Amino acid sequence: MKLETERLILKEINEAHTEDILLIRSNEVTNQYVKRKSPKTNYDALEFILHIKKETQNKEVAFWGISYKNSWNLIGTICLWNFSPDKKTAEVGYELLPDYHRKGIMSEALNAVLDYGFHDLQLEEIIAITSQFNESSKGLLLKYNFILQEDQKDEGNSDNIIFSLKRK
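S.K.: Outline the overall build of the protein, listing residues and values.
M.R.: Scanning the protein from N- to C-terminus turns up five helices and eight strands. Listing every helix and strand of the protein by position from the N terminus yields β-β-α-α-α-β-β-β-α-β-α-β-β. Over its C-alpha trace the protein gives a radius of gyration of 15 Å, about what one expects of a compact globule, namely 15 Å for 168 residues. Taking the principal axes of the C-alpha coordinates as reference, the protein spans close to 40 × 30 × 30 Å. In the protein, which comprises 168 residues, the proportion classed as buried is 49%. Pairs at least 24 apart in sequence give 59% of the contacts found in the protein among residues at least 6 apart.

Rendered as structure tokens:
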């Protein structure tokens, strides 16, 4: 499924996006706040794409590559994943190549995904987990009225903080 905004297309990723996914997910700046196994080769990126395609088909994740409307190349990704068993809560995750930071791109993409999550998927809550040191991500979440959940901890990473946004 594809989402469109004023400047962007959020689209399903496929094997043709291998090099873009490698570039995005292996970027040092993008990864400075994320603990994950980053792809080292096109093969690693392709494995990730195939995994995401399978999870998308099984409705375990909603995952989009972000591109400008006039470009085929991906500049970032955004997803809804980690759904609760009753499908009322999901986690949002996003990443953007550094050259595209501070241009309102992720704000535009997040707005579209929040709308999709609350209206199309009928989610009651969307959570976001980000590094306490990632000022840009925290600012983005606060802009969209996410509320810091000071009583919740990310068991996997003590540097992370958890935000929540409930459907109005």
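Having put the structure on the table, let's press on.
S.K.: Can you explain the pairing of strand E6 (residues 125-131)? Please cite residues and give values.
M.R.: Judged by how many residues are buried, E6 sits mostly within the fold: six of seven residues are covered. Direction of pairing for strand E5 (residues 89-96) relative to E6: parallel, over a ladder of four bridges. Note on E6: the bridge partner recorded for Glu91 is Ile127. Note that the unit made of E5, helix H4 (residues 105-120) and E6 has a crossover that is right-handed. Where E6 and strand E8 (residues 160-166) come together, seven bridges link them in antiparallel fashion.

S.K.: Any chance you could break down helix H5 (residues 135-143) for me, citing the residues and the numbers?
M.R.: All buried positions along H5 are accounted for by Ser137, Lys138, Leu140 and Leu141. Seen end-on, H5 carries its buried residues on one side only, within an arc spanning 160 degrees. Projecting away from the buried face of H5 at angles above 90 degrees are the exposed residues Glu135 and Lys143. Where the residues of H5 are buried, they touch E5, H4, E6 and E8. Of the residues flanking the end of H5, it is Asn145, one or two places downstream, whose phi is positive at about 65 degrees.

S.K.: Quick rundown of the nonpolar core? Include the residues and the values.
M.R.: In terms of nonpolar packing, the biggest core is built from 32 residues, with Leu10, Trp64, Ile66, Ile78, Leu80, Val92 and Phe146 touching the most fellow members. Looking at this core, the elements with two or more residues in it are strand E2 (8-11), strand E3 (62-68), strand E4 (76-81), E5, H4, E6, H5 and E8. Of the residues forming this core, the biggest block, nine residues, is contributed by H4. In this view, Phe146 contacts Val92, Leu114, Ile126, Ile127, Ala128, Leu141, Phe163, Ser164 and Leu165; residues no more than four positions away in its chain are not counted. Listed in part, the 13 residues of the second largest apolar core include Ile13, Ile24, Phe48 and Cys79.

S.K.: Tell me about the pairing of E2, residues and numbers included.
M.R.: Two faces make up the sheet, and in a regular strand the side chains alternate between them. The alternating pattern of E2 places Leu8 and Leu10 and Ile9 and Lys11 on opposite faces, both of which are buried. Relative to E2, strand E1 (residues 3-4) runs antiparallel, the two being bridged by two bridges. Bridge pairing in E2 links Leu3 to Leu10. Adjacent in sequence and paired antiparallel, E1 and E2 are bridged by three residues. Where E2 meets E3, four bridges bridge the pair, whose relative direction is antiparallel. Looking at the pairing, Leu10 lines up with Ile66 of E3.

Criteria and cut-off values
- Residues numbered from 1 in each chain as written.
- Predicted model: local features only at pLDDT ≥ 70, side-chain atom pairs only at ≥ 80, totals over all residues.
- Heavy atoms only, no water.
- Helix = DSSP H or I, 4+ residues; strand = E, 2+ residues; numbered from the N terminus.
- Rg over C-alpha atoms; globule rule 2.2 N^0.38 Å.
- Buried < 20%, exposed > 50% of the residue type's maximum accessible area, 1.4 Å probe, protein only.
- Contact = heavy atoms within 4.5 Å.
- Pairing = 2+ DSSP bridges.
- Right-handed = clockwise from strand over helix to strand, strands pointing away.
- Arc of directions from axis to C-beta.
- Core = buried A, V, L, I, M, F, W, Y, C linked by side-chain atoms within 4.5 Å.

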